[in-house]
Amino acid sequence: MEAATYSAYSGYAHLAAGLTVGMSSLAAGLAIGIVGDAGVRANAQQPRLFVGMILILIFAEALGLYGLIVGLVVASTAEGKGKNLCSSYA
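Our subject in this report is the structure included herewith. As the structure is a computational prediction, the values presented were derived from the model and not from experiment.

The full count for this structure, using the stated rule, is 1 salt bridge. For Arg-41, the salt bridge goes to Asp-37, with nearest N and O atoms at 3.0 Å. Separated by 4 residues within a single helix, Arg-41 and Asp-37 lie in helix H1 (residues 8–45), roughly one turn from each other.

Positionally, Ile-56 belongs in helix H2 (residues 50–77). Sequence separation between Ile-56 and Ile-32 is 24 residues, and the spatial gap between their C-alpha atoms is 8.4 Å.

Here we take up H1. When the terminal C-alpha atoms of H1 are compared, their 55 Å separation across 38 residues agrees well with the 56 Å that a helix rising 1.5 Å per residue should span. Taken as a whole, H1 has its buried residues at Ser-10, Ala-13, Ala-17, Ser-24, Ala-28, Gly-36 and Gly-39. Its buried side turned inward, H1 meets H2.

On to the environment of Leu-30. Along the polypeptide, Leu-30 turns up in helix H1. Residues Leu-30 and Ala-60, 30 residues apart in the sequence, show an inter-C-alpha distance of 8.9 Å.

Together, Phe-50, Val-51, Ile-54, Leu-55, Ile-58 and Phe-59 make up an exposed nonpolar region whose accessible area comes to about 590 Å². Tracing the backbone through its elements, the reader meets Phe-50 in helix H2. What makes Phe-50 partly exposed here is its relative accessible area of 42%.

Rules behind the numbers
- Residues numbered from 1 in each chain as written.
- Predicted model: local features only at pLDDT ≥ 70, side-chain atom pairs only at ≥ 80, totals over all residues.
- Heavy atoms only, no water.
- Salt bridge = Lys/Arg side-chain N within 4 Å of Asp/Glu carboxyl O.
- Helix = DSSP H or I, 4+ residues; strand = E, 2+ residues; numbered from the N terminus.
- Expected span 1.5 Å × (residues − 1).
- Buried < 20%, exposed > 50% of the residue type's maximum accessible area, 1.4 Å probe, protein only.
- Contact = heavy atoms within 4.5 Å.
- Patch = residues over 30% accessible without salt bridge, like charges linked within 9 Å, V, L, I, M, F, W, Y side chains within 5 Å.
- Areas by Shrake-Rupley, 256 points an atom, 1.4 Å probe, with all protein chains shown as cover.

As structure tokens, this is what we get:
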């Protein structure tokens, strides 16, 4: 991409897409870490909880996947929109 054709709208859209993916992945990793720690401790005391722990881990991983999907949608719509919104000073 050239700087002359890259609009501020596209820049902010790409920034928002990156932040969306990053924050959702961070939240998913944190949730998986907390659930995994608690699940391993609970599984040691009572093995019946293994299936429930796996289900909660799957739902926590879905957070990251949904964030990735939203980020891709935001980044893909930034290309066509936002052209010629502002005139240059030069």
